[in-house]
Amino acid sequence: MNLKKKKIKFGFGTYGIGEKKSRNFCSEKSRIYFLNKVYEEGVFFFDTAEDYHKGFSEYLLGKAFKKNDEVVIATKISPINYKKNILQSINESLRRLNRDRIDIIQLHWPNYNVDDLKIIESLYEAFSMKKIKYVGLCNVTKKYLDRFLKLSMGKLKIKIIQNEYNLFERSVEEKLLNFCKKKKINFLAYSPFGSSKQVNKIFSSVHIKEISEVFRLKPSQVILQWLSYNGAIPIFQTSNLSNLKENIMFDSRIISTDFFEKINKEFEVKVVKVLPIEIQIVESFSGKFYTNIEQAKKNIYNFSPSPMEVAMEIKENDILKPIKLKKTRSGYSLYEGQLRYWGWVLAYGNNSPIEAIIE
Ligand SMILES: NC(=O)c1ccc[n+]([C@@H]2O[C@H](COP(=O)([O-])OP(=O)(O)OC[C@H]3O[C@@H](n4cnc5c(N)ncnc54)[C@H](OP(=O)(O)O)[C@@H]3O)[C@@H](O)[C@H]2O)c1
């Protein structure tokens, strides 16, 4: 498909469909069937990653859309593989996706242990070999993107930026969104309905419900329209066909500007500065969390990027987004952003306040 001619309005995220222990899909066949349904309903843009369930999401896309050139697939290379051979990663994705060329290859996260120029060279090599068409970057700050664009000197076709953006995470509004607009790069919003802990909160918002009633829309459609109004292309996932149908119809009615401004105000995110020393790490983070700086330095859980890499990233290119905290009797507890927290502490120590959102 020629992406120059076709405008991407929304995309389908494939993290969930590849989950091995899924409540919604019992077999490979049912997952492939669902992906085909998603396509039949009008979705042509799919987001995936080599890292999603060890390539299983890519594999499913490869099975579902083997000979379908109308389907655009954007996959991602994991930062751990920038060190090894990027071409090898691309070849493995191509094999799983059943394709000769990847429409859009994205760097999943910056990796400060690897020279960006080297990454650019490898991507250019893959481009010259017709293994990739466009490039995308995920989880970046405006500063990082600006630098990457200058380094690549127009050699790569940088088509998309993909960051978290929803009613509760609006950091991109400060600089990145406008910068993308200026550079004519598509901005993709992942987790449009919030992180897994916030989905219910977004859908039960009184304000969103009110607007839905006025405009006879579903809450999901109000949220997706709001993102689109602010210049983002939402990438959503669902395991439910009626939710999917709702989502893809989101731009069929127009909400007036003053309502969008109302939402902008109602959901204004208050970012505060908190001393890391006041923050406790008590949440489980799926059982993998560090409670002191030595553990974070050693990175025994092999997080990629590691806290040390995040620290370098923060020093060079700003913190990606605020961490999320809950108020406790004695201070705060961390519930989202463990790597950013440890990266900050490793970069600036315990007595330098970090940006945070208190839930
Ligand atoms: N680049 C990155 O680093 C990165 C990071 C995270 C995610 N992503 C991409 O973004 C995609 C989506 O992100 P996400 O999974 O975090 O969030 P999301 O799309 O905001 O989805 C959250 C949940 O909302 C529910 N939902 C969807 N439509 C709904 C509707 N109309 N009504 C009620 N509930 C609805 C879905 O559950 P049901 O199944 O019950 O509908 C889904 O599990 C991922 O699959 C992945 O491709 C990229």
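The model shown is predicted, which means the values in this text are computed figures rather than measured ones.

Draft legend 1. Geometry of the overall build of the chain. The number of helices and strands found in the chain is 15 helices and 13 strands. Whereas a compact globule of 359 residues would reach a radius of gyration of roughly 21 Å, the chain reaches 20 Å, a difference of no more than 12%. Across its three principal axes, the chain shows a C-alpha extent of roughly 55 × 55 × 45 Å. The long-range share in the chain, meaning contacts at least 24 apart out of those at least 6 apart in sequence, stands at 79%. Summing over all exposed atoms, the chain offers an accessible surface of approximately 17500 Å²; the carbon and sulfur share of this is 49%. Taking the average place of the 60 positive charges on the side chains of the chain and the average place of its 40 negative ones, the gap between the two points comes to 3 Å.

Draft legend 2. Just the domain arrangement of the chain, in detail. Examined at the domain level, the chain breaks down into domain 1 (11–266) and domain 2 (271–358). On a C-alpha basis, the centroid separation for the pair domain 1 and domain 2 is 25 Å. Counting residues at the interface gives 24 residues for domain 1 and 16 residues for domain 2. Summing the contributions of domain 1 and of domain 2, the shared interface buries around 1800 Å²; its carbon and sulfur component is 47%. Across the domain 1-domain 2 interface, the total number found is two salt bridges. The salt bridge partner of Glu164 is Lys321, with a shortest N-O separation of 2.7 Å.

Draft legend 3. Layout of the sheet that holds strand E13 (residues 354–358). Spatial strand order, E9-E13-E11-E12-E10: five strands in an open sheet with mixed pairing. A single partner strand is all that each edge strand has here, and the edge strands are strand E9 (271–274) and strand E10 (279–280). In this sheet, E13 lies alongside strand E11 (residues 323–327) in parallel orientation, the contact comprising three bridges. If you follow Ile323 over to E13, its bridge partner there is Ala356.

Draft legend 4. The sheet that holds strand E6 (residues 158–164), seen in detail. Spatially, eight strands are ordered E1-E2-E3-E4-E5-E6-E7-E8 in a closed barrel, and the strand pairing comes out parallel. Strand after strand, the sheet turns through a mean of 30° between neighbouring axes, direction not considered. Taken strand by strand, helix H4 (residues 86–97) contacts strand E3 (72–77), strand E4 (102–107) and strand E5 (132–138), and its axis lies near 140° from that of E3. Along the sheet, helix H6 (residues 142–152) contacts E4, E5 and E6; its crossing angle with E6, the most-contacted strand, is approximately 160°.

Draft legend 5. Representation of the site of the ligand in the model. Lining the immediate surroundings of the ligand are 26 residues, of which Asp47, Ser191, Gln237, Thr238 and Ser239 lie closest. Interatomic distance of 3.4 Å between a backbone N/O atom of Thr14 and an oxygen atom of the ligand. The side chain of Asn247 places a nitrogen or oxygen atom 2.8 Å from a nitrogen atom of the ligand. Protein contacts shield 80% of the accessible area of the ligand, which totals 910 Å² for the unbound molecule. A total of three residues in the shell around the ligand trace back to one element, the largest contributor, which is helix H11 (residues 241–248). In terms of residue class, the shell around the ligand is built from ten nonpolar, 13 polar and three charged.

Draft legend 6. Local environment of the nonpolar core. The biggest cluster of nonpolar side chains holds 74 residues, and the ones touching the most others in it are Ile90, Leu123 and Phe187. Excluding residues within four positions of it along the chain, Phe187 makes contact with Ile161, Asn163, Tyr165, Val172, Leu176, Leu177, Cys180, Gly231, Ala232 and Ile233. Formed by 18 residues, the second largest nonpolar core is a distinct cluster that contains Val274, Ala296, Val310 and Trp344.

Draft legend 7. Representation of the environment of Val214 within the structure. Tracing the sequence through the fold places Val214 in helix H9 (residues 206–215). The exposure class of Val214 is exposed, given its relative accessible area of 51%. With 41 residues separating them in the primary sequence, Val214 and Ile255 have C-alpha atoms 9.3 Å apart.

Draft legend 8. Inspection of the packing of helix H14 (residues 307–317) against helix H15 (residues 338–348) at higher detail. Between H14 and H15, whose axes approach to 7 Å, the crossing angle comes to 65°. Between H14 and H15, the angle falls in the class roughly perpendicular. Along this stretch, H14 crosses H15, giving a crossing that reads as right-handed. Here H14 contributes Pro307, Met308, Val310, Ala311, Ile314 and Lys315 to the contact with H15, which in turn contributes Leu339, Arg340, Trp342, Gly343, Trp344, Leu346, Ala347 and Tyr348.

Draft legend 9. How the structure looks around the packing of helix H5 (residues 116–128) against H6. Where H5 contacts H6, the two axes come as close as 10 Å, and the packing angle between them is 55°. Classified by the interaxial angle, the pair formed by H5 and H6 is oblique. The hand of the H5/H6 crossing is right-handed. Across the interface between the two elements, Asp116, Leu117 and Ile120 from H5 touch Tyr144, Arg147, Phe148, Leu151 and Ser152 from H6.

Draft legend 10. Molecular detail of the pattern of salt bridges. Overall, the coordinates contain 13 salt bridges when judged by the stated rule. A salt bridge links Lys245 to Glu41, with the shortest nitrogen-to-oxygen separation between them at 3.8 Å. Of this pair, Lys245 sits in helix H11 while Glu41 sits in the loop between helix H1 (28–40) and strand E2 (45–47), and the two are 204 residues apart along the sequence. Among the salt bridges present, the one from Asp116 reaches Arg147, with a minimum N-O distance of 3.3 Å. Taken together, the residues Asp116 in helix H5 and Arg147 in helix H6 connect sequence positions 31 residues apart. A residue is classified by how much of its surface remains accessible, and Asp116, at 5% relative accessible area, is buried. Owing to a relative accessible area of 30%, Arg147 belongs among the partly exposed residues under this scheme. Salt bridges here are not isolated pairs; linked through shared partners, they connect Asp116, Arg147 and Glu316.

What counts as what
- Residues numbered from 1 in each chain as written.
- Predicted model: local features only at pLDDT ≥ 70, side-chain atom pairs only at ≥ 80, totals over all residues.
- Heavy atoms only, no water.
- Helix = DSSP H or I, 4+ residues; strand = E, 2+ residues; numbered from the N terminus.
- Rg over C-alpha atoms; globule rule 2.2 N^0.38 Å.
- Contact = heavy atoms within 4.5 Å.
- Areas by Shrake-Rupley, 256 points an atom, 1.4 Å probe, with all protein chains shown as cover.
- Lys, Arg positive; Asp, Glu negative; His and termini not counted.
- Charge placed at Lys NZ, Arg CZ, Asp CG, Glu CD.
- Domains from an automatic or database assignment.
- Buried area = accessible area lost by both parts, 1.4 Å probe.
- Salt bridge = Lys/Arg side-chain N within 4 Å of Asp/Glu carboxyl O.
- Pairing = 2+ DSSP bridges.
- Axes fitted to C-alpha atoms, helices over the stretch in contact; angles between N-to-C directions.
- Near = heavy atom within 4 Å.
- Polar contact = N/O pair within 3.5 Å; in protein donor to acceptor, adjacent residues only side chain to side chain.
- Nonpolar A, V, L, I, M, F, W, Y, C, P; charged D, E, K, R; others polar.
- Core = buried A, V, L, I, M, F, W, Y, C linked by side-chain atoms within 4.5 Å.
- Buried < 20%, exposed > 50% of the residue type's maximum accessible area, 1.4 Å probe, protein only.
- Parallel < 35°, antiparallel > 145°, perpendicular 65-115°, else oblique.
- Left-handed = near helix turned anticlockwise from the far one by under 90°.

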